[in-house]
Amino acid sequence: NAGVTQTPKFRVLKTGQSMTLLCAQDMNHEYMYWYRQDPGMGLRLIHYSVGEGTTAKGEVPDGYNVSRLKKQNFLLGLESAAPSQTSVYFCASSSDSHALLNEQFFGPGTRLTVL
Amino acid sequence: AQSVSQHNHHVILSEAASLELGCNYSYGGTVNLFWYVQYPGQHLQLLLKYFSGDPLVKGIKGFEAEFIKSKFSFNLRKPSVQWSDTAEYFCAVTPNTGGFKTIFGAGTRLFVKA
């Protein structure tokens, strides 16, 4: 099992450009999440999904959109990148199994720089 | 608003020293508690978790944490740290309301001197 994978690993954008980050998980997890990690601020939830075809806003959703067309994939889009979106982005997934409830499995991260 | 506070942002220890990282949360109901670790250049991984039962939880690599409900705390401990424990440690809390959103603390960077 690959677990949670993210592409790309690194990306540099110019202000105003758009891009999509892809997250894939092979654990058949229902729940998926996108976080951003900034120094001194821990992980902040951007958007999340409780199942295929559903998404919801997290703590810092502005400037981002997401889609979950397939259960195993969760896409994060930046329509018009801004320097404030320079960050490391982590995708995570978790099971709806009670035994594993709330334990999240993380991807390796995407380091995004917006110039 | 619910929040998680980690008391120390940076900790420097020598090998074999004892470690205790503080974590407090603000939520009055039942919670699930986690410590995650992020080694340099790697992604976050679970260190240990508490759902119910014995408030002293043992995790991987000799780490343990104690849940003190009256203090809303879940401090991480290790009796003797190693250079390989150099990492960033995140405390996380999920209110047990049937939901699944987890709130992370800001993290504590631990550097262990060899």
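Right above here is the structure, for reference.
Residues numbered from 1 in each chain as written. Chains lettered and ligands numbered in written order. Predicted model: local features only at pLDDT ≥ 70, side-chain atom pairs only at ≥ 80, totals over all residues. Heavy atoms only, no water.

Caption draft 1: The arrangement of the overall build of chain B in detail. The secondary structure content of chain B amounts to zero helices and 12 strands. Starting at the N terminus, the α and β elements of chain B follow one another as β-β-β-β-β-β-β-β-β-β-β-β. Over its C-alpha atoms chain B spans a radius of gyration of 14 Å, differing by no more than 12% from the 13 Å that the globule rule assigns to 114 residues. Principal-axis analysis of the C-alpha atoms places the extent of chain B at approximately 45 × 25 × 20 Å. For chain B, the residues scored as buried account for 46% of the 114 residues in total. Across chain B, every contact between residues at least 6 apart in sequence was considered, and the portion connecting residues at least 24 apart equals 55%. Total accessible area computed for chain B in this model is approximately 5,500 Å², and 53% of it derives from carbon and sulfur atoms. (Helix = DSSP H or I, 4+ residues; strand = E, 2+ residues; numbered from the N terminus. Rg over C-alpha atoms; globule rule 2.2 N^0.38 Å. Buried < 20%, exposed > 50% of the residue type's maximum accessible area, 1.4 Å probe, protein only. Contact = heavy atoms within 4.5 Å. Areas by Shrake-Rupley, 256 points an atom, 1.4 Å probe, with all protein chains shown as cover.)

Caption draft 2: Up close: the pattern of salt bridges. Residues and elements named next belong to chain B. In the structure shown here, the tally under the stated rule is nine salt bridges over all chains. Between D85 and K78 there is a salt bridge, and its shortest N-O distance comes to 2.8 Å. By the burial criterion, D85 is buried, and K78 matches it. The structure contains a network of salt bridges with shared partners spanning K58, E64, E66 and R77. (Salt bridge = Lys/Arg side-chain N within 4 Å of Asp/Glu carboxyl O.)

Caption draft 3: View of the nonpolar core. Within the largest apolar cluster, 28 residues are counted, with the highest numbers of intra-cluster contacts made by L33, W35, L47, L48, F74, L76 and Y89 of chain B. Not counting residues up to four positions away in its chain, the partners in contact with L48 of chain B are L33, F34, W35, V57, K58, G59, F63, E64, A65, F74 and L76 of chain B. Grouped together as the second largest cluster of nonpolar side chains are 19 residues, V4, C23, M32 and A81 of chain A included. (Core = buried A, V, L, I, M, F, W, Y, C linked by side-chain atoms within 4.5 Å.)

Caption draft 4: A look at the interface of chain B and chain A. With 19 residues of chain B at the interface, the matching set in chain A holds 22 residues. Counting each side, the surface lost to burial between chain B and chain A is near 1,700 Å², with a carbon and sulfur contribution of 58%. Counting across the interface, chain B meets chain A through one salt bridge. Between E103 of chain A and K49 of chain B there is a salt bridge, with the nearest N and O atoms lying 2.8 Å from each other. (Buried area = accessible area lost by both parts, 1.4 Å probe.)

Caption draft 5: Representation of the side chain of K71 of chain A. All names here are of chain A. Inspection of the secondary structure puts K71 in the loop between β7 (64-67) and β8 (73-78). One polar contact links K71 to N28, side chain to side chain, over a distance of 2.9 Å. Among residues more than four places away in sequence, those in contact with K71 are Q25, N28, H29, E30, M32 and E52. (Polar contact = N/O pair within 3.5 Å; in protein donor to acceptor, adjacent residues only side chain to side chain.)

Caption draft 6: Geometry of the pairing of strand β6 (residues 54-57) of chain A. All names here are of chain A. When strand β5 (residues 42-51) meets β6, the two strands line up antiparallel, connected through three bridges. Each residue of the ladder has a partner; that of Y48, found in β6, is A56. What sits between β5 and β6 in their antiparallel hairpin is a turn of two residues, with G53 showing a positive phi close to 85°. (Pairing = 2+ DSSP bridges.)

Caption draft 7: Examining the sheet that holds strand β1 (residues 4-7) of chain A more closely. All names here are of chain A. The strand order across the open sheet formed by four strands is β1-β3-β8-β7, and the pairing between neighbours is antiparallel. Each edge of the open sheet is held by one strand with a lone partner, namely β1 and β7. Sheet twist, expressed as the mean angle between neighbouring strand axes with direction ignored, is 20°. By the bridge criterion, four bridges tie β1 to strand β3 (residues 19-25) in an arrangement that is antiparallel. Each bridged residue has a counterpart across the sheet, and for T7 the counterpart in β3 is L22. (Axes fitted to C-alpha atoms, helices over the stretch in contact; angles between N-to-C directions.)

Take it as geometry only, folks, not as evidence of what the structure does.
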